[in-house]
Amino acid sequence: MSLKDLCPVLHFGDLGDERGKLVVIEGARAIPFEIKRVFYIYDSDSTVVRGQHANRDSEFVLINVAGSSKVRITDGKEEIIVALDKPMTGVYIPKMIWKDMYDFSPDSVLLVLASTHYDGSEYIRNYEEYLKEMRDRK
Ligand code: TYD
């Protein structure tokens, strides 16, 4: 499967009306997993690169609910870059995919939905180690 198919861009419905926009994301419905954790990243300037890890057990959906950022996604072979700049659009990132978030606008609020509670030991933060684990899995 191509990386684009593994990491689809998701479009969420807008339930807004004349009072304003409303976006709803229900776990295991609008996204492929039940949500166990939510975190958001803001006040990262445009020179910062965040992420720089893969997760053995966690799946994520990334949504810029304000402003914009980019996420570079790779499986060690292919690479795609997704521009996140709409509150109604997110990208799904399954387990064992390496990701870097960067190019944050000053008003960027990057919302992350995760399938797990936090466990630092399931993070792979060394790219060479990630490549080795990917090779060993085959
Ligand atoms: P880090 O994983 O480096 O952030 P990102 O990859 O999103 O740039 O996390 C920064 C710190 O926060 C690190 O010490 C781990 C901690 N942290 C938690 O305790 N819980 C969490 O859910 C997350 C995402 C991070």
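Presented here is a report on the structure given in the accompanying data block. Values in this document were obtained by computation on a predicted structure and should not be read as measured data. (Residues numbered from 1 in each chain as written. Predicted model: local features only at pLDDT ≥ 70, side-chain atom pairs only at ≥ 80, totals over all residues. Heavy atoms only, no water.)

**Structural notes on the overall build of the chain**
From N to C terminus, the chain includes two helices and 10 strands. For the chain, the C-alpha radius of gyration of 15 Å lies close to 14 Å, the compact-globule estimate for 138 residues. The long-range share in the chain, meaning contacts at least 24 apart out of those at least 6 apart in sequence, stands at 77%. For the chain, the computed accessible surface area is about 7,900 Å², with 51% contributed by carbon and sulfur atoms. Between the mean site of the 19 positive side-chain charges and the mean site of the 23 negative ones, the chain shows a separation of 4 Å. (Helix = DSSP H or I, 4+ residues; strand = E, 2+ residues; numbered from the N terminus. Rg over C-alpha atoms; globule rule 2.2 N^0.38 Å. Contact = heavy atoms within 4.5 Å. Areas by Shrake-Rupley, 256 points an atom, 1.4 Å probe, with all protein chains shown as cover. Lys, Arg positive; Asp, Glu negative; His and termini not counted. Charge placed at Lys NZ, Arg CZ, Asp CG, Glu CD.)

**Quick word on the side chain of threonine 74**
If you trace the backbone, threonine 74 turns up in strand S5 (residues 69-74). Threonine 74 gets classed as buried once you look at its relative accessible area, which sits at 9%. Of note is the side chain of threonine 74, whose polar atom sits 2.9 Å from the backbone nitrogen of glycine 76. In contact with threonine 74, not counting residues within four places along its chain, are Leu3, Glu79, Ile97, Trp98, Tyr127 and Tyr130. (Buried < 20%, exposed > 50% of the residue type's maximum accessible area, 1.4 Å probe, protein only. Polar contact = N/O pair within 3.5 Å; in protein donor to acceptor, adjacent residues only side chain to side chain.)

**What about the side chain of glutamate 133?**
Tracing the sequence through the fold places glutamate 133 in helix H2 (residues 127-137). Here glutamate 133 falls in the buried class, since its relative accessible area comes to 19%. Setting aside residues up to four positions removed in sequence, glutamate 133 forms contacts with Arg56, Met96 and Ile124.

**Description of H2**
Within H2 the residues assigned to the buried category are Tyr130, Leu131, Glu133 and Met134. Buried residues along H2 cover an arc of 160° about the axis, so they all sit on one side. Exposed residues on H2 whose side chains face more than 90 degrees from its buried face are Glu128, Arg135 and Asp136. For H2, the secondary structure elements touched by its buried residues are strand S3 (50-55), S5, strand S8 (98-102) and strand S10 (123-124). N-cap assignment for H2: the residue whose side-chain oxygen lies 2.9 Å from the backbone N of glutamate 128 is asparagine 126. (Arc of directions from axis to C-beta.)

**Regarding the sheet that holds S5**
Spatially, the five strands line up as an open sheet ordered S6-S5-S8-S3-S10, and their pairing is antiparallel. The strands lining the two open edges of the sheet, one partner per strand, are strand S6 (79-84) and S10. Strand direction decides the pairing type here: S3 and S10, joined by two bridges, are antiparallel. Directly across from alanine 54, in S10, lies its bridge partner isoleucine 124. (Pairing = 2+ DSSP bridges.)

**Focus: the pairing of S8**
Put simply, side chains in a regular strand alternate between the two faces of the sheet. For S8, the buried fraction is high: five of the five residues fall into the buried class. Neither face of S8 is left uncovered, since the one carrying Trp98, Asp100 and Tyr102 and the one carrying Lys99 and Met101 both have all their residues buried. Relative to S8, S3 is paired through three bridges, and the arrangement is antiparallel. Its bridge partner being in S8, histidine 53 is matched across the sheet by lysine 99. Looking at chain direction, S5 and S8 are connected through five bridges and run antiparallel.

Geometry only, nothing functional implied.
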